[in-house]
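Results of the structural survey
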Amino acid sequence: MAKDEISLDDPLLEKIARALDGLEYGSIHIVVHDSQVVQIERTEKYRLPAEKPEAKISQARTGK
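Residues numbered from 1 in each chain as written. Predicted model: local features only at pLDDT ≥ 70, side-chain atom pairs only at ≥ 80, totals over all residues. Heavy atoms only, no water.

Under an unreviewed UniProt entry, the name given to the protein chain is DUF2292 domain-containing protein, and the source organism is Brevibacillus porteri.

Below you can see the structure in the form of structure tokens.
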């Protein structure tokens with residue numbers, strides 16, 4: 001293995017797979033120092049359904 005290659009062993013791949021599990025929208029950030037994975041960050045985003053403009057106007061009129 002070349003000096004610049006990163007070793008991906010089974011436990012590390014399992015941790016990455018768990019970070020991806022159930023992620024619908026977001027990102028996985030893998031931090032590497034000296035050719036070693038030292039951190040895995042998971043950022044999850046929730047998408048909210050967009051409201052139609054008519055719904056906002058009717059809510060403003062009714063006070064709801």
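Additional details are given in the paragraphs that follow.
Of the positions making up helix α1 (residues 10-20), those classed as buried are L12, I16 and A19. One side of α1 carries all its buried residues, which in axial view fall inside an arc of 55°. Of the exposed residues in α1, those oriented more than 90 degrees away from the buried face are D10 and R18. In this structure, the buried residues of α1 make contact with β1 (26-33) and β2 (36-44). In the stretch just after α1, G22 is the one whose phi turns positive, near 80°. (Buried < 20%, exposed > 50% of the residue type's maximum accessible area, 1.4 Å probe, protein only. Helix = DSSP H or I, 4+ residues; strand = E, 2+ residues; numbered from the N terminus. Arc of directions from axis to C-beta. Contact = heavy atoms within 4.5 Å.)

Here we come to the environment of K45. Summarising the element assignment, K45 is placed in the loop between β2 and α2 (53-62). In this structure K45 touches Y25 and G26, once residues within four positions along its chain are discounted.

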